[in-house]
Amino acid sequence: MGSTQPLKSLCRANRIVRRLIDMRGATASELAEEFDMPLSTMYEYVNTLERIDYLRKGPDGRYRVSSTFLELGNQVRRNYEIYNVGEPEIRRLAEETGEFAGLAIEEDGLGVLLSMKKGDKVKRLKVNRTYPGVRSRLNTTAFGKAILAQLSDEEIRDVVDQYGLHPRTENTITEVDPLLEEMDRVRERGYAFDDEECFDGMRGIGVPVASRADDVLAGIALYGPPNRLDDETFFEEYPSLVQEYADVIRGTLEYA
């Protein structure tokens, strides 16, 4: 039977790439010092990573992560049928409402954002951590709650055991029993609310979708500030609208 231990060299290469992203570039000497590694060994890593187009070496001798990762990420994203079907619909949802509209999937108990579109009302508004590929705990976002509600209570408890329920804002649900009660309400009405639970000053409405072709759970969501998503709009008007777009995605996936 083969070893179940990860290859240390691959894990170290991954850490080097991730650290280079944070450092926005570094020389081999700086990296060797950062990782407490002999310079000759670090050169083996950066030269190999450069050869496979994961790094670029500039005229200043500094290594930077290459745009190859953008290409790979986009290819991975396009491999999801839920993205190919859902992306045009969330774009239309953003255009119709003028707000943010997003699509996320579940992976290893976390939510992974596949796409976020901006409507005219939020073109100049910047919200942190809303780029494709960003991961978040499922209990903190509208599409995450919509995904979480597709799991059994036992599976939800497993997710909570793994990632916890740390607060993002003062409104974040941080205990298991209230979360399970909220999931019951989501299942009953068919949509989830994020009432400033992930970001202060942002409300979201999420609706679950799933893709049998991709074997993933997913959710779409509409987000906007409370001054526009007031209680009537948030609780009464927009949930049915987001559900309409989710129905289109489900129908297209079913007959694709």
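Please read all numbers here as calculations on a predicted model, not as lab measurements. In every chain, residue numbers begin from 1 and rise along the written sequence. Two thresholds apply to this predicted model, a pLDDT of at least 70 for residue-level local features and 80 or more for giving and counting side-chain atom pairs, whereas whole-chain, interface and lining totals are computed over all residues. Heavy atoms from the whole structure form the basis of all side-chain values; hydrogens and water molecules are not counted.

Visitor: I'd love a proper account of the packing of helix α5 (residues 81-97) against helix α9 (residues 231-255), names of residues and values included.
Guide: Angular values range over 0 to 180 degrees, each being the angle between N-to-C directions of two axes fitted as lines to C-alpha atoms, with helices fitted over their stretch in contact. Secondary structure elements follow DSSP: runs of H or I no shorter than four residues count as helices, runs of E no shorter than two count as strands, and numbering proceeds from the N terminus. It is the contact of α5 with α9, at a shortest axis distance of 10 Å, that shows an interaxial angle of 155°. What the angle tells us is that α5 and α9 run roughly antiparallel. Considering only the axes of α5 and α9, their crossing is right-handed. Where α5 approaches α9, its residues Glu81, Ile82, Val85, Gly86, Glu89, Arg92, Leu93, Glu96 and Thr97 are matched on the opposing element by Tyr238, Leu241, Tyr245, Val248, Ile249, Thr252 and Leu253. Of the residues contributing to the contact of α5 with α9, the split by class is nine nonpolar, three polar and four charged. Each angle receives one of four descriptions, namely roughly parallel if under 35 degrees, roughly antiparallel if over 145, roughly perpendicular if within 65 to 115, and oblique otherwise. Less than a right angle of anticlockwise turn of the near helix away from the far helix marks a crossing as left-handed, whereas a clockwise turn marks it as right-handed. In this analysis, two residues are considered to be in contact whenever any of their non-hydrogen atoms come within 4.5 Å of each other. Under the scheme applied here, ten amino acids are nonpolar (Ala, Val, Leu, Ile, Met, Phe, Trp, Tyr, Cys and Pro), four are charged (Asp, Glu, Lys and Arg), and all others, including Gly, are polar.

Visitor: Go over the pattern of salt bridges with me, naming the residues and quoting the values.
Guide: In the sections that follow, a salt bridge refers to a side-chain nitrogen of Lys or Arg positioned within 4 Å of a carboxyl oxygen of Asp or Glu. A complete count under the given rule lists 20 salt bridges for this structure. The salt bridge partner of Arg62 is Glu30, with a shortest N-O separation of 3.1 Å. Within this pair, whereas Arg62 is found in the loop between β1 (55-57) and β2 (63-65), its partner Glu30 is found in helix α2 (residues 28-34), the two being separated by 32 residues in sequence. The buried label goes to any residue with under 20% of its type's maximum accessible area, the exposed label to any with over 50%, and the partly exposed label to all in between, with areas taken from a 1.4 Å probe on protein chains only. Residue Glu30 is classed as partly exposed on the basis of its relative accessible area, which comes to 33%. Two residues, Glu182 and Lys145, come together in a salt bridge whose shortest N-O distance is 3.8 Å. Note that Glu182 is positioned in helix α8 (residues 176-189) and Lys145 in helix α6 (residues 142-148), a separation of 37 residues in sequence. The pair formed by Glu182 and Lys145 is uniform in burial state, with each residue classed as buried.

Visitor: How would you sum up the nonpolar core? Please name residues and give values.
Guide: Core analysis: the largest hydrophobic core is formed by 30 residues, its most contacted members being Tyr80, Ile82, Leu103, Ile105, Leu114, Ile220 and Ile249. Looking at this core, the elements with two or more residues in it are α5, β3 (100-107), β4 (110-118), β7 (203-211), β8 (216-224) and α9. The element best represented in this core is α9, accounting for eight residues. If we ignore the near neighbours within four places in the chain, the residues touching Ile82 are Glu87, Leu103, Ile105, Leu114, Val209, Ser211, Asp214, Val216, Ala218, Ile249 and Leu253. As used here, the term nonpolar core means buried Ala, Val, Leu, Ile, Met, Phe, Trp, Tyr and Cys residues forming a set that is joined through side-chain atoms within 4.5 Å.

Visitor: Let's hear about helix α7 (residues 153-163): which residues, and what values?
Guide: Here α7 has its buried residues at Ile156, Val159 and Val160. Down the axis of α7, the smallest arc covering the buried residues is 100°, so these residues share one side. Every exposed residue of α7 that faces more than 90 degrees away from the buried side is listed here: Glu154, Asp161 and Gln162. Looking at the packing, one finds that the buried side of α7 touches α6 and α8. In the segment just after α7, Gly164 is the residue with positive phi, at about 75°. The directions from the helix axis to the C-beta atoms form the arc being described.

Visitor: Describe the packing of aromatic side chains, naming the residues involved and giving the relevant values.
Guide: Each aromatic pair joins two rings of Phe, Tyr and Trp (for Trp, the six-membered one) with centres within 6.5 Å, and gets the label stacked for planes under 30 degrees apart, edge-to-face for over 60, and tilted for any other angle. All told, the structure shown has six aromatic pairs when counted by the stated rule. Relative to Phe193, the ring of Tyr191 lies with its centre 5.5 Å away and its plane at 75°, an arrangement referred to as edge-to-face. The pair formed by Tyr191 and Phe193 is uniform in burial state, with each residue classed as buried. Between the aromatic rings of Phe234 and Phe235, the centroid separation amounts to 4.8 Å while the plane-to-plane angle is 65°, which identifies the pairing as edge-to-face. In textbook terms, an aromatic cluster arises when at least three aromatic residues are bridged by ring pairs, as seen for Tyr191, Phe193, Phe234 and Phe235. Stacked on the ring of Phe199, the Lys or Arg Arg168 has its end atom at 5.3 Å from the ring centre. In this scheme, Lys NZ or Arg CZ marks a charge over a ring once it lies within 6 Å of the ring centre and within 35 degrees of the ring normal.

Visitor: Help me get a handle on the side chain of Thr141, residues and values and all.
Guide: Following the sequence through the fold, Thr141 ends up in the loop between β5 (135-137) and α6. Each residue touching Thr141, except ones within four places of it in the same chain, is listed here: Ser136, Asp194, Cys198 and Tyr223.

Visitor: Give me the lowdown on a negative patch on the surface, citing residues and values where you can.
Guide: Patches in this entry comprise residues that are over 30% relatively accessible and not in a salt bridge; like charges within 9 Å are linked, as are nonpolar side chains (Val, Leu, Ile, Met, Phe, Trp, Tyr) within 5 Å. Values of accessible area rely on a 1.4 Å probe in the Shrake-Rupley scheme; residue burial ignores everything except the protein chains shown. Think of it this way: Lys and Arg go in the positive column, Asp and Glu in the negative one, and His and the chain ends go nowhere. Every charge is mapped to an atom, namely NZ of Lys, CZ of Arg, CG of Asp or CD of Glu. A contiguous patch of negative charge on the surface is contributed by Glu154, Glu155, Asp158 and Asp161. With respect to the secondary-structure elements, Glu155 resides in helix α7.

Visitor: Requested: an account of the sheet that holds β8, with residues and values cited.
Guide: Strand pairing is defined by DSSP finding a minimum of two bridges between the two strands. Strand order in the open sheet formed by six strands is β5-β4-β3-β8-β7-β6, and the pairing between neighbours is antiparallel. In the strand order of this sheet, the two ends are held by β5 and β6 (192-195), each with one partner. Ignoring strand direction, the axes of neighbouring strands in this sheet form an average angle of 35°. Of the strand pairs in this sheet, β4 and β5 are connected by three bridges, and their pairing is antiparallel. Across the sheet, residue Leu110 finds its bridge partner in β5, namely Arg137.

That's the geometry; what it means functionally is another story.
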